[in-house]
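So you can see what is in the structure, the chains are spelled out below.
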Amino acid sequence: MTLYTDYLAEIETRKEQGLHPKPIDGADLVAELIAQIKDVDNAYRADSLNFFIYNTIPGTTSAAGVKAQFLKEIILGQESLAEITPTFAFELLSHMKGGPSVKVLLDLALGDDAAIAAQAAEVLKTQVFLYEADTDRLAAALADGNAIAKEILESYAKAEFFTKLPEVEEEIKVVTYIAGVGDISTDLLSPGAEAHSRADRELHGQCMITPEAQAEIQELQKQHPDARVMLIAEKGTMGVGSSRMSGVNNVALWTGKKASPYVPFINIAPVVAGTNGISPIFLTTVGVTGGIGIDLDNWVKKLDADGNVVEDADGEAVLEEAYSVATGTVLTINSKTKTLHDADGKELKSVATAFTPQKVEFMKAGGSYAVVFGKKLQTFAAGALDQELKSAYAPSKEVTAEGQGLTAVEKIFNRNALGTTPGATLHAGSDVRVKVNVVGSQDTTGPMTAQELEAMAATVISPSVDVGYQSGCHTASVWDKKAQANIPKLMKFMNDFGLITARDPKGEYHAMTDVIHKVLNDITVDDWDVIIGGDSHTRMSKGVAFGADSGTVALALATGEASMPIPESVKVTFKGKMADHLDFRDVVHATQAQMLDQHGDNVFQGRVIEVHIGTLLADQAFTFTDWTAEMKAKASICISNDETLIGSLELAKGRIQIMIDKGMDNDAKLLQGLIDKADARIADIKSGANPALTPDDTAKYFAEVVVDLDAIDEPMIADPDVNNDDVSKRYTHDTIRPITYYSGDKHVDLGFVGSCMVHKGDMKIVAQMLKNLEKTMGKVEFKAPLVVAAPTYNIIDELKEEGDWEILQRYSGFTFDDMFPKTQARTEYENILYLERPGCNLCMGNQEKAAKGDTVLATSTRLFQGRVVGDTAEKKGESLLASTPVVVLAAVLGRTPTMEEYKAAVEGIDLTKFAPPLAVPAGTKSAHF
């Protein structure tokens, strides 16, 4: 069997799934195609030509290298094909984006044949994905007096690769499709359970919403061939939960434009909308593809004759429809006036926020990458020619308010800003390029990040990045055939690229499946850092972190920077005293509830939560910052006391040293560099040269929330409220209920302690509760299964040293074994304790899952429909979120506990405590992890 006949066999298999041939990324297969193309009598010649032209992945794939070389031979006359003329060969090279194709174009442009050089130069003038090796060649040729090099650089200095592109059409006709009512999670667009197929774009596209929805979208396209389908979250926000590049890719696959006729299944420019707009991290992802995100405001609060908000019997605001966007409604977006119109031309609302100068540039260029690289290329060319830079791009918006102090995020952005006006102090609303210090890639989006890096022709991590980390946590719990096929390949790519990888491609150190957010929280060693990570829960308790799509992660890895407006901030402070029987997780939930009580609307959405929480170390404070993703915040920043920050940095140093001791550091010694950086930061704090980050007293906030600890007397539960009559209020994270709401009789089918929301203290709480219950019950028996997954191996090692692991193992009916990892997902559970491998486990939903229709009580973050538990025809599955002690007790009882049962079970247990800054809780061990 040859690679080609293997490929034909795969094609037949895909046909059975309704799929086209898989895009080719391997050099050896392309070499076989070329051999068959050269053989004019070969039976497979026609198909080989088709695969070579239309189905070979561009960028820096090995396939692209072989393809580019063959096209070069055709252009030079070394090979002759009727089907691929030299002119067509140049066209194909122009669609290959960079890497080998740019090298070939430079070879030709700087070669001896003047006619070929001129043609190559014209193609090069359209390319933007050039790296140092490419620009160095141009600079050297310019220094040698090469006229073609000068011509190319002069074109780059004018940014003709951008200015000569067609403008965004003035009128964009859309036809509406309501994807759902209420908040739409990215899980609807790209289910976590299908994460394994994300890099196979056509296959993954089959999982968007439902097959019926896909058929309805296609029918709309037939009925309205001149319109683009606009996907809508009616009465909700589009894209909550995560950035999910695969979600945007799926929407674009079904509703967007083809990026290139010669690149399969890569579509761009989707149009998405929501009554309450687009989730901020998802909106960034839409911009990556040059798409449009619309805030519809089509449902508004009803007002009475006096202008007061009308409320229903439950005290909720009554909404009325300002205009209809029912499926099949034809609307028009005017990109010049930045307005939305109905079919009769009536203006419905302004959509100016969707058409800022920067977003229009993304639309014109086909995505944000081309703009980022274009700016760098124009700057390089102007410098090489010793010309003044006359940017072809819209100037960055710089907002400065004289006499106004800076919030924490404004301080971080000012410190890390790139290319801004020297001496300018920037406030919220400014558009800023910032240096990125830490970049994290997770394993279910990692294959897409690798694809994006190949597509933008990147080969090595930017030297300005302190560290990049590739995790293995999202595929940790089940080492099935899909994981075995995808993950080693990903780890090798990322390791070669220069990242620290959870798995060693050489097999020399033990696989680390630690939850990525926890690792990033440890390897962030400066409160002034900027962190970008491929997951919505990239929200560190040091520095400011932004969850991002796989493409933005790739861009940060390749360039060491990110671009975004400086967000507004909401200040969160605390008063009162935390009750002894409560856990800090209850404070986190109560913050959401009290914010809604104080402000009515979610003031956290799209903003930075600046939380003044200085008495908790980074591990425990992360519980708050992690939850801010569910609060729909763009990011969060912990304002820490000096002593606490030093303690957090010392803890981080110890954990980084463990990674070094395992053999995880690379040739560049990135991990050792982090320890050195932490030492320098600690020295600055101790000397007073640069204390822990704090905002200015005169900083301006969008809003302030004061959390009253005295008002929290019961454990709090975030409830998906699956049976709410108002569909738009199901599966949000805004329904926070005290435990007494359930009267001690809500049945619980499964308990889960794990994911990124727990720390070592939580694991100790499980052990302590088992000991407590032993004393009162003699032997603990579970009436519901309890799944426990520590977030990191470090925590397990420390629990073993401190004696807590023994009781966990004693009650465990299953304990993970790294030598023999599970190869099948678990969906049914016995009434026992399961000690699962460190990682995301049930929270991710791509491997382990509860039985359909179950009621799950979990410490995790996800309560979306179908994520942790699916529905049956008889009962909706529901995932309620609570603190560790509540989950453990509910698993023992098989139901939610009463207040009396809860207080008795936690008596004497060292729960995670918190007191407002400057008032360290006396006697607690949890403040000293």
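Residues numbered from 1 in each chain as written. Predicted model: local features only at pLDDT ≥ 70, side-chain atom pairs only at ≥ 80, totals over all residues. Heavy atoms only, no water.

Participant: Where do I start with the overall build of the protein in this structure?
Facilitator: Scanning the protein from N- to C-terminus turns up 31 helices and 33 strands. By the compact-globule yardstick of 30 Å for 929 residues, the protein fits well, its C-alpha radius of gyration being 28 Å. Based on the C-alpha atoms only, the size of the protein along its principal axes is roughly 90 × 70 × 65 Å. Sequence separation of 24 or more characterises 73% of the internal contacts of the protein that already satisfy a separation of 6 or more. Counting 88 positive and 131 negative side-chain charges, the protein places the centres of these two groups 1 Å from one another. (Helix = DSSP H or I, 4+ residues; strand = E, 2+ residues; numbered from the N terminus. Rg over C-alpha atoms; globule rule 2.2 N^0.38 Å. Contact = heavy atoms within 4.5 Å. Lys, Arg positive; Asp, Glu negative; His and termini not counted. Charge placed at Lys NZ, Arg CZ, Asp CG, Glu CD.)

Participant: Where do I start with the pattern of salt bridges in this structure?
Facilitator: Pairing between side chains of opposite charge can happen when the charged atoms of each approach one another. Considering all chains together, one arrives at 52 salt bridges under this definition. Here Asp-522 ties to Arg-655 by a salt bridge, and the two come within 3.5 Å at their closest N and O atoms. One end of the pair, Asp-522, is in helix H21 (residues 516-523); the other, Arg-655, is in helix H25 (residues 642-662), with 133 residues separating them in the sequence. Arg-655 sits in the buried class, given a relative accessible area of 5%. (Salt bridge = Lys/Arg side-chain N within 4 Å of Asp/Glu carboxyl O. Buried < 20%, exposed > 50% of the residue type's maximum accessible area, 1.4 Å probe, protein only.)

Participant: I keep staring at the packing of helix H19 (residues 446-455) against helix H22 (residues 550-559) and nothing clicks. Help me out?
Facilitator: For any two helices packed against each other, one specifies the crossing angle of their axes together with the interaxial distance. Packing of H19 against H22 leaves a shortest axis separation of 8 Å and a crossing angle of 55 degrees. Here H22 runs oblique to H19, going by the angle between their axes. With respect to the hand of their crossing, H19 and H22 are arranged in right-handed fashion. In this structure, H19 uses Met-448, Thr-449, Glu-452 and Leu-453 to contact H22, whose residues at the interface are Ser-550, Gly-551, Val-553, Ala-554, Leu-557 and Ala-558. Tallied by class, residues from the contact of H19 with H22 come to six nonpolar, three polar and one charged. (Axes fitted to C-alpha atoms, helices over the stretch in contact; angles between N-to-C directions. Parallel < 35°, antiparallel > 145°, perpendicular 65-115°, else oblique. Left-handed = near helix turned anticlockwise from the far one by under 90°. Nonpolar A, V, L, I, M, F, W, Y, C, P; charged D, E, K, R; others polar.)

Participant: Can you walk me through the environment of Gly-908 in this structure?
Facilitator: Mapped onto the elements of the fold, Gly-908 is located in the segment after helix H31 (899-906). Judged by its relative accessible area of 81%, Gly-908 falls in the exposed class. On a C-alpha basis, the gap between Gly-908 and Gln-768 in space is 9.0 Å, while along the polypeptide they are 140 residues apart.

Participant: Would you take a moment to explain the sheet that holds strand S15 (residues 431-435) for this structure?
Facilitator: Strand pairing in a sheet relies on backbone hydrogen bonds, with the paired strands running either antiparallel or parallel. With antiparallel pairing, three strands are arranged side by side in an open sheet as S14-S15-S21. Only two strands of the sheet have a single partner each, and these edge strands are strand S14 (417-418) and strand S21 (561-565). Sheet topology places S14 next to S15; two bridges connect them, and they run antiparallel. Considered in S15, the bridge of Leu-418 is made with Arg-433. (Pairing = 2+ DSSP bridges.)

Participant: Sorry if this is basic, but what is going on with the pairing of strand S32 (residues 855-858) here?
Facilitator: Each regular strand displays side chains that alternate between the two surfaces of the sheet. Burial along S32 is two-sided: the face carrying Thr-855 and Leu-857 and the face carrying Val-856 and Ala-858 are both buried. Of the strand pairs in this sheet, strand S28 (residues 750-753) and S32 are connected by three bridges, and their pairing is parallel. Of the residues in S32, the one forming a bridge with Leu-750 is Val-856. Bridging between S32 and strand S33 (residues 878-881) involves four bridges; their strand directions are parallel. Following the sheet pairing, Leu-857 is matched in S33 by Leu-880.

Participant: Honestly, the nonpolar core in this entry has me stumped. Any pointers?
Facilitator: Buried together is how nonpolar side chains tend to be arranged in soluble globular proteins. In this structure, Ile-84, Tyr-156 and Met-456 are the most contacted members of the largest nonpolar core, which totals 107 residues. When near neighbours in sequence (up to four residues on either side) are disregarded, Met-456 contacts Phe-129, Tyr-131, Tyr-369, Phe-373, Gly-551, Ala-554, Leu-555 and Ala-558. (Core = buried A, V, L, I, M, F, W, Y, C linked by side-chain atoms within 4.5 Å.)

Participant: Would you take a moment to explain helix H17 (residues 368-384) for this structure?
Facilitator: Note on helix geometry: an α-helix contains 3.6 residues per turn, so any two residues three or four positions apart are oriented the same way. Over its 17 residues, H17 extends 24 Å from the first C-alpha to the last, a length consistent with the 24 Å expected when each residue adds 1.5 Å. Restricting attention to buried positions, one finds in H17 the residues Ser-368, Tyr-369, Ala-370, Val-371, Val-372, Phe-373, Gly-374, Leu-377, Gln-378, Ala-381 and Ala-382. Asp-386 sits one or two positions beyond H17 and adopts a positive phi of about 60 degrees. (Expected span 1.5 Å × (residues − 1).)

Participant: Would you mind showing me how to read the side chain of Thr-628 here?
Facilitator: Turning to its location among the elements, Thr-628 is positioned in the loop between helix H24 (618-627) and strand S24 (635-639). Polar contacts involving the side chain of Thr-628 include one to the main-chain carbonyl oxygen of Thr-625, which spans 2.5 Å. With sequence-adjacent residues up to four places away left out, Thr-628 is seen in contact with Arg-539, Ile-609, Ala-633 and Ser-636. (Polar contact = N/O pair within 3.5 Å; in protein donor to acceptor, adjacent residues only side chain to side chain.)

Participant: Can you walk me through the environment of Gln-36 in this structure?
Facilitator: As for its placement among the helices and strands, Gln-36 is situated in helix H2 (residues 27-38). Overall, the relative accessible area of 11% leaves Gln-36 in the buried class. Separated by eleven residues in sequence, Gln-36 and Asp-47 place their C-alpha atoms 9.4 Å apart. Contacts of Gln-36, omitting those with residues within four sequence positions, involve Tyr-4, Asn-42, Tyr-44, Arg-45 and Ser-48.

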